[in-house]
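Fold and contact review
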Amino acid sequence: MRKQRIVVKIGSSSLTNGKGEIDLVKLVDHVEALANLRQEGHEVLLVSSGAVAAGFKELGYPARPVTLKGKQAAAALGQSLLIKAYIEEFKARDVSVAQILLTRPDFSNQAQYKNAFDTISELLARGVMPIINENDTVSTEELKFGDNDMLSALVSGLVHADELIILTDVNGIYDSNPSTNPDATKFNHLSEIEDHMIENAGGAGSSAGTGGMRSKLLAARTALNLGVTVFIGKEIGSYKLLRILSGHGDGTYVKREKASSVTINRQWIGMHSHISGQIYVDEGAERAIVSNGKSLLHGGIERVEGTFKEGDVVEVHGAEGDLLGRGKIAYSSASLEHMIGTRRNEWRMESPTFEEVIHRNHLVMEVAYRTKSDRNSSQL
Ligand code: GLU
């Protein structure tokens, strides 16, 4: 089998016992399966939840805390316990692991985003398996990845993974809720995650984690858009991940015919960058950038909103006002306004109108990611 780069996401209920402790039997089952995957020569990254769910008992809570400080303190404690258990179990199987805790702002800063990529690449190159979680202890509600399903999708895009495996307690994606509808039919293979599937899917299925099928579908769509194949399903045993990789897992495979990976520069612009302003373009420019994949030229800009500098990321709106995409702008808002003013005041346009305001390599169409609705569930 071809050597692949694989991201595996494991949820809180698959690692803990519901009483605020790690379930070692469950954890070891995953560790063995991950070690076997590496044994076959694959590069593996683990996105592991479970920090809050593993830590609240020792913190003195009888049930999962509901306050933010309770959850953040439980996460601090539980993350340490989790990583300790992982280190011990992986060490016994000759696997070195490294903990990476990320927050959303680490991704919105382009230099830090690139650093995360470089660090993870270095670990993989040296045969170390990264174990990634959100840095729950310091992350704030507004500035979260949403949940670890989404985090695993974003990580799989960042590292240009071949496959994202989301292990859960449901054996795949159904056309309706299998726990309430006995006639629900499972999809073994899908090539798209449609809007209606997301709208009809349920929220968090257990009290241990924060996900649910809805967040898994959103994550799957994001990963697909980033050129990654996704598996969502349920499997146990030391060979479960190899079975999934061979195409025989009990779950749903989501795969596009033509999957192409996205450069980290485009991922950053399209999904993580901070928006500093808006520009509105005319019909000709809209056609050029949307249908013909061209750069945005100065002559097509009608109007500018907000104050931004050269190198900032702005939203690009079409003639009708609808959002077309976003891109890294080569001019400040002041110089663009000056250009537009000069153009309007001149009978003959002597100043060049064909300068590239956003180069096509730095222009990402909205339809590529649809991140807005993908990022609205935000909780610990
Ligand atoms: N990061 C959280 C934890 O480790 C879990 C988030 C999630 O369940 O998606 O407890």
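Remember, it's a predicted structure, so these values are computed and weren't measured experimentally.

1. Side note on the nonpolar core
Counting residues in each nonpolar core, the largest one holds 50 residues, and the members touching the most others are I132 and I193. When residues of this core are assigned to their parent elements, the largest contribution, seven residues, is made by helix α8 (residues 213-225). For I132, the contacting residues outside a window of four places in its chain are L45, L46, V47, S48, I100, L102, I120, L151 and V155. Membership of the second largest hydrophobic core comes to 30 residues, among which are L15, A33, I83 and I244.

2. Description of the pairing of strand β14 (residues 313-317)
Among the five residues in β14, five count as buried, and that is most of the element. Here β14 shows two buried faces, one formed by V313, E315 and H317 and the other by V314 and V316. Pairing of β14 with strand β15 (residues 323-328) involves five bridges; the strand directions are antiparallel. Residue pairing in the sheet places E315 in a bridge with R326 of β15. The hairpin turn running from β14 into β15, its antiparallel successor, is five residues long, and G321 in that turn takes a positive phi close to 95°.

3. Concerning the UniProt feature "binding site: ATP" (unreviewed entry) in the protein chain
According to UniProt, the "binding site: ATP" (unreviewed entry) feature falls on K9, T168, D169, T210, G211, G212, M213, R214, S215 and K216. Along the chain, D169 falls in the loop between β5 (163-167) and β6 (173-174). The class for D169 is partly exposed, based on a relative accessible area of 46%. Non-local contacts of D169, meaning those with residues more than four positions away in its chain, are made with S13 and K234. There is a polar contact of 3.3 Å between the side chain of D169 and the side chain of T168. For K216, a relative accessible area of 7% puts it in the buried group. Polar side-chain contacts of K216 include one of 3.2 Å to the side chain of D149.

What counts and what doesn't
- Residues numbered from 1 in each chain as written.
- Predicted model: local features only at pLDDT ≥ 70, side-chain atom pairs only at ≥ 80, totals over all residues.
- Heavy atoms only, no water.
- Core = buried A, V, L, I, M, F, W, Y, C linked by side-chain atoms within 4.5 Å.
- Buried < 20%, exposed > 50% of the residue type's maximum accessible area, 1.4 Å probe, protein only.
- Helix = DSSP H or I, 4+ residues; strand = E, 2+ residues; numbered from the N terminus.
- Contact = heavy atoms within 4.5 Å.
- Pairing = 2+ DSSP bridges.
- UniProt positions renumbered as here; feature names shortened; annotations may be inferred.
- Polar contact = N/O pair within 3.5 Å; in protein donor to acceptor, adjacent residues only side chain to side chain.

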